[in-house]
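Commentary on secondary and tertiary structure
Chain residues, written in single-letter form:
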Amino acid sequence: MPPVTAFEYDKPINSVEALRRSILNRLVYAVGKDVRSATQRDWLFAVFHAVRDRIMGCWRESLAQAEDQDAKRVYYLSMEFLTGRALTNALLAADIYEPVKQACALLGADFDALIDLEPDAGLGNGGLGRLAACFLDSMATLGLPGMGYGIRYEYGMFAQRIEQGQQVEEPDYWLVNGHPWEFMRPEFSYTVRFGGRLVPQDGHSLWLDTQDVIATAYDSGVPGHQMRSVATMRLWSARASGGVNLDAFNRGDYIQAVEDKNHSENVSRVLYPDDRTEHGRELRLRQEYFFVSASLQDILRRHLKSHSGFEQLADKVAIHLNDTHPALAVPELMRLLLDEHQLGWEAAWSLCTCVFSYTNHTLMEEALETWPVELLSRVLPRHMGLIYEINARFLAEVHARFPADHALLRRISLIEERGVRRVRMAHLSVLASHKVNGVSALHSQLMVETIFSDFVQMYPERFCNKTNGITPRRWLALANAPLSALIDSRIGPDWRSELDQLARLRDLADDTEFQNAFGLAKQQNKRRLADLIARCPGVSVDPLSLFDVQVKRMHEYKRQLLNVLHIITRYHRILAQPHADWVPRTVIFAGKAASAYHMAKLIIRLINDVARVVNSDQRIGGQLRVVFIPNYRVSLAEIIIPGANLSEQISTAGTEASGTGNMKFALNGALTIGTWDGANIEIADNVGRDNIFVFGNRTEQVAELRGYGYQPRSYYEGNFDLKCAIDRLSEGAFSPEEPERYREVVNTLLESDYYQLLADYADYVACQEKVDDLYRRPAAWTRSAILNVAGMGVFSSDRTIGEYASEIWGVQPLKPAVPQAPSLLPV
Ligand code: 26V
């Protein structure tokens, strides 16, 4: 027999018959069932396996190509990957959606039902985590070598139920039925050490008596468009190092021994819900170090497999920090190079500044990560020592450059000295990175003007902008079949990987036939959404009414409350003139509040209370409906967003770094009502100012008001409708059983109103009237919606990732392999 060649295996065939056989074989051989005994879940897993088989060849080849070409790879370090469902996405990427559906029909399996059975991988909070997922999709589509590293949380983002109008959180044990998409790779396991003590020895430090946890890799494939390549997402899971506590075990205390084991495995147990003020939690710090240490050990191992040292590290490796959560990668790389590989300080530090880059995702003071020096010294003593050393050398450099500026040293230091001493993770990230970017033009500008202005003086060339993007595969092709088919029929299918092609739709914006077809596609999506709302929360809504949608995490700065004030005003106006010519509206909300975020939870309750009152008031004759859809997540967004007419992007100017939901809505033909904030501004530039509803104060005016002593009460006193809305809230009109329920909301608005809702209220309400006016003219509305879709080309995450690759990481697409003739054996 000749030796086995690297890629000798049966290449799968994608005919309906071959897929039918594969699914059947997988049902028997992988799931261990047969047609007679298969449950829905068994069918789902059988399909999963058959599809996974079809991406494996491309995946292994992508990995082999990177190795053979000794390509520079990029490693995207992120605490969160909000990937959602894997199966439908893979079916589209491999171009086997229809044949698999037909194969299922032949087998008597209910394709739509089993697709819906897949739980979302909710391993992220919101924008930042979803961005990481879109980025992996684009890396695979562009054929860029590299991978995403993160944590395999056992419990993802909590599930949200609404009970009597209030949010109730439930754990999301998404792995309960197993996860057939992933591969456990126990051969890639690393020891991660915590605690212990330092012993100096020959200029180096010995780190002894640590408590150790083992990180084990689990890999998932992320198939790019038409399987140009398959990217790898490697997530780490914690395992206790010594199995069970042997002391306790030998003492006969079996239960204690197993409990200790459970304890050290806690580190990958649960995703922290973002409440932005939450810091100082030791487990969160341990999580951050856990995944960063395992990832860096893995990166260095891979590098040393094909290189004899680190001379070429910066030519072969780029490491990206998705926000500051992985910033401990900096002292960890220093530790590995100094203590484990005996490099000198200068060589090690220069490698750091060449390989690292960092994206900032928020300017909000309370969201900037800092860790108490005391905590870091206890949990990671070696790293705390390294941070001190990095800081001392840095401050010496700053002092040499600006000897007269003493305040500068205090401001720019990695250590905050006011109150409890803390390490500023953003400063550490900027200092160690050769590039630092913001996520929209406005955000990047504010970033250098505010939080990093001191660093700009030192390193002006480091700062840049990379406006966020979204993957058109999931957010148009997958989520919106009717619109995708229509676009295909006019401009062909290439927009999926060249989103700029959408610009060709501009010529069709005035074409009545196209407008009608476009309107029909929207109606189809609205009916699907109305059906969903009828099931849960169980409200019947009119698919012809204007669907006005705000879906995103609940946060005061996103101003869901401003939306509620508009609803109350509209309600009052309809009551005052029930027979006027109102544009019927359905206002739709969805979003989770961090469990500890009291005000955000109260706003959810208010939305539900207002919904109850408005929806049951016969006097307004169905001209207004309000719904809160529970448990917002990626798979729900895929249904909600295509069904929207109006997209609410109404954050206080200067607070939303970019937003990516705004892009998803516009791409699906919703018009935006928004403030001059984040990527809204660039959306306006690209779709045309006439095709977006902009209102409210701009960043400078917000800052000015804040500076001069903002007085929310003056707006309240000066605006009849606003006063009415707040008074009704204050009297308990929406909570008659507990009139004081919203006292806190009213007080916050009137006393402080940090996010200046009252300042923007009048302009917002006036702008909503313009929305109605346009909706009364269906052709004009649809024309505008078409121009929105046509202008969205630039917001593909392929564009974003292309810019990161060439301007930050210095990585190039893999050269495609010579295609091999498939053998004819089905897998
Ligand atoms: C903070 C914390 C605090 C501790 C607990 C866990 C946790 C998780 C996340 C965060 C803040 C993350 C910042 C963030 O998500 N920023 C969003 O990033 C999006 C992608 O760039 C951007 O579109 C949004 O505007 C921005 O808010």
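This report concerns the structure included in the present document. Please read these numbers as outputs of a predicted model, since none were measured by experiment. (Residues numbered from 1 in each chain as written. Predicted model: local features only at pLDDT ≥ 70, side-chain atom pairs only at ≥ 80, totals over all residues. Heavy atoms only, no water.)

Assigned secondary structure in the protein chain consists of 33 helices and 24 strands. For a compact globule of 827 residues, the expected C-alpha radius of gyration is about 28 Å, and the protein chain comes in at 28 Å, within 12% of that figure. Projected onto its principal axes, the C-alpha positions of the protein chain cover 85 × 75 × 60 Å. Counting only residues that meet the buried cut, the protein chain has 61% of its 827 residues in that class. Intrachain contacts of the protein chain at a sequence separation of at least 6 include 76% that bridge at least 24 residues. (Helix = DSSP H or I, 4+ residues; strand = E, 2+ residues; numbered from the N terminus. Rg over C-alpha atoms; globule rule 2.2 N^0.38 Å. Buried < 20%, exposed > 50% of the residue type's maximum accessible area, 1.4 Å probe, protein only. Contact = heavy atoms within 4.5 Å.)

When you tally the buried positions in strand β12 (residues 317-322), you get six out of six residues, the bulk of the element. A two-sided burial pattern is seen for β12, the buried positions comprising V317, I319 and L321 on one face and A318, H320 and N322 on the other. Bridging between strand β1 (residues 73-77) and β12 involves five bridges; their strand directions are parallel. If you follow L77 over to β12, its bridge partner there is L321. Pairing geometry for β12 and strand β13 (residues 356-359), over four bridges, is parallel. (Pairing = 2+ DSSP bridges.)

The next point concerns helix α23 (residues 598-615). Since the α-helix packs 3.6 residues into each turn, any two residues three or four apart lie on the same face. Taking 1.5 Å of rise per residue, 18 residues should cover 26 Å, and α23 covers 26 Å from first to last C-alpha, within 8% of that figure. Burial analysis of α23 places 15 of its 18 residues in the buried class, which makes it a mostly covered element. (Expected span 1.5 Å × (residues − 1).)

Looking now at the sheet that holds strand β24 (residues 693-694). Spatially, the six strands line up as an open sheet ordered β21-β20-β19-β22-β23-β24, and their pairing is parallel. Each of the sheet's edge strands pairs with one partner strand only, and the pair in question is β21 (624-628) and β24. In this sheet, β24 lies alongside strand β23 (residues 671-674) in parallel orientation, the contact comprising two bridges. In the strand pairing of β24, G674 is matched with V694. The sheet contacts of helix α32 (residues 778-790) involve β22 (646-649), β23 and β24, and relative to β23 the element is tilted by about 85 degrees. (Axes fitted to C-alpha atoms, helices over the stretch in contact; angles between N-to-C directions.)

In this section: the site of the ligand. For the ligand, the set of nearby residues contains 20 residues, the closest of which are H361, N468, E656, S658 and G659. In the model, an oxygen atom of the ligand is placed 2.9 Å from a nitrogen or oxygen of the N468 side chain. Against a free-state accessible area of 600 Å², the protein chains account for coverage of 93% of the ligand. Tallying contributions element by element places helix α6 (residues 127-142) first for the shell around the ligand, with three residues. Across the shell around the ligand, the residue classes tally to seven nonpolar, seven polar and six charged. (Near = heavy atom within 4 Å. Polar contact = N/O pair within 3.5 Å; in protein donor to acceptor, adjacent residues only side chain to side chain. Areas by Shrake-Rupley, 256 points an atom, 1.4 Å probe, with all protein chains shown as cover. Nonpolar A, V, L, I, M, F, W, Y, C, P; charged D, E, K, R; others polar.)

Two aromatic rings are characterised by how far apart their centres lie and by the angle between their planes. Scanning the entire structure with this criterion turns up 23 aromatic pairs. Ring geometry for F135 and Y804: centres 5.3 Å apart, planes at 65 degrees, overall edge-to-face. Of the two residues, F135 sits in helix α6 while Y804 sits in helix α33 (residues 797-809), which places them 669 residues apart along the sequence. Taking the centre distance of 5.7 Å and the plane angle of 80 degrees together, the rings of F194 and Y289 count as edge-to-face. Residue F194 is located in strand β7 (residues 182-194), and its partner Y289 is located in helix α9 (residues 282-306); the two are separated by 95 residues in the primary sequence. Y289 carries the same exposure label as F194, and that label is buried. Following the ring pairs from residue to residue traces out a cluster consisting of Y358, F394, F452, F455, Y459 and F463. One cation-aromatic arrangement involves K526 over F547; the distance from NZ or CZ to the ring centre is 4.8 Å. The side chain of R706 reaches across the aromatic face of Y754, ending 4.0 Å from its centre. (Phe/Tyr/Trp six-rings, centres within 6.5 Å; stacked < 30°, edge-to-face > 60°. Lys NZ or Arg CZ within 6 Å of the ring centre and 35° of its normal.)

By the secondary structure assignment, R73 is in strand β1. No salt bridge is formed by the buried R73; the nearest opposite charge belongs to E67, separated by 4.8 Å. If near-sequence neighbours (up to four positions away) are discounted, R73 is found in contact with L63, A66, E67, P145, G146, R302, K316, V317, A318 and V811. (Lys, Arg positive; Asp, Glu negative; His and termini not counted. Salt bridge = Lys/Arg side-chain N within 4 Å of Asp/Glu carboxyl O.)

The nine strands lie next to each other as β7-β10-β11-β4-β1-β12-β13-β17-β18, forming an open sheet whose pairing is mixed. Pairing within the sheet leaves two strands with one partner each, and these edge strands are β7 and β18 (463-465). Pairwise comparison of adjacent strand axes, ignoring direction, gives a mean angle of 25 degrees for this sheet. The sheet contact formed by strand β10 (residues 211-223) and strand β11 (residues 230-240) spans 11 bridges and is antiparallel.

In this section: the packing of α6 against α33. The interhelical angle for the contact between α6 and α33, taken along N-to-C directions, is 75 degrees, at an axis separation of 9 Å. Comparing their axes, α33 and α6 come out roughly perpendicular. Taken together, the residues of α33 that come into contact with α6 (itself represented by C134, F135, S138, M139, T141 and L142) are S797, D798, T800, I801, G802 and Y804. Residues of the contact of α6 with α33, tallied by class, amount to six nonpolar, five polar and one charged. (Parallel < 35°, antiparallel > 145°, perpendicular 65-115°, else oblique.)

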